[in-house]
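Analysis of the macromolecular model
Residue-level listing of the chains:
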Amino acid sequence: VQLQASGGGLVQAGGPLRLSCAASGNIFRINDMGWYRQTPEKQRELVATITSGGSADYAGSVKGRFTISRDNSKTTVYLQMNSLKPEDTGVYYCKVRHFTYWSNTDYWGQGTQVTVSS
């Protein structure tokens, strides 16, 4: 399973940005999908997750501003980020949990840089 993330960039505080992450390859079933972010000062932290049934969960710092979603094929996950703040700056990684009858395996995307200027 390969993940291709896109959509990062430079945005002014208060602006929006939308991240996408598409899974490809030999996919049986993808269960949970999520977004994480990392800065030089912090370890990688959870931003948002979504189950195969569409239930979403968010870090407290982004709740009400970010929305995670996935497409009908359930192989692409999105993160709509609104009202961005400078503290949202970081490298954003997508992660998916791939299910087969023999294993559950986590795969990570390559990361996309988000920079929010004040």
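Reference entry: report on the structure contained in this document. (Residues numbered from 1 in each chain as written. Predicted model: local features only at pLDDT ≥ 70, side-chain atom pairs only at ≥ 80, totals over all residues. Heavy atoms only, no water.)

Remarks on the sheet that holds strand β8 (residues 76–81)
- Overall, antiparallel pairing links the four strands, which are arranged β1-β3-β8-β7 in an open sheet. The sheet is open, and its two borders are formed by β1 (2–6) and β7 (66–70), each paired with just one other strand. Each strand axis lies, on average, 15° off the axis of its neighbour in the sheet, ignoring direction.
- By the bridge criterion, five bridges tie β7 to β8 in an arrangement that is antiparallel. Along β8, the bridge assignment pairs S69 with Y78. (Pairing = 2+ DSSP bridges. Helix = DSSP H or I, 4+ residues; strand = E, 2+ residues; numbered from the N terminus. Axes fitted to C-alpha atoms, helices over the stretch in contact; angles between N-to-C directions.)

As for the nonpolar core
- Of all hydrophobic cores here, the largest spans 28 residues; its most connected members are W35, L79, M81 and Y92.
- The dominant element in this core, judged by the number of residues it contributes, is strand β3 (residues 17–24), at four residues.
- If sequence neighbours within four positions are ignored, M81 has contacts with G15, P16, L17, L19, R65, F66, Y92 and V114. (Core = buried A, V, L, I, M, F, W, Y, C linked by side-chain atoms within 4.5 Å. Buried < 20%, exposed > 50% of the residue type's maximum accessible area, 1.4 Å probe, protein only. Contact = heavy atoms within 4.5 Å.)

Comments concerning unusual backbone geometry
- Of note in the backbone geometry, S83 takes a positive phi value of approximately 50° without being a glycine.
- Counting through the fold element by element, S83 comes out in the loop between β8 and β9 (90–99).

Topic: the packing of aromatic side chains
- For the structure shown, the criterion picks out five aromatic pairs.
- Members of the aromatic cluster, each reached through a chain of ring pairs, are F28, F99, Y101 and W102.
- The ring of Y93 has R44 lying over it, and the distance from NZ or CZ to the ring centre is 3.7 Å.
- Seen from the ring of W108, R44 lies directly overhead, with NZ or CZ sitting 4.6 Å from the centre. (Phe/Tyr/Trp six-rings, centres within 6.5 Å; stacked < 30°, edge-to-face > 60°. Lys NZ or Arg CZ within 6 Å of the ring centre and 35° of its normal.)

As far as function goes, none of this settles anything; it's purely spatial.
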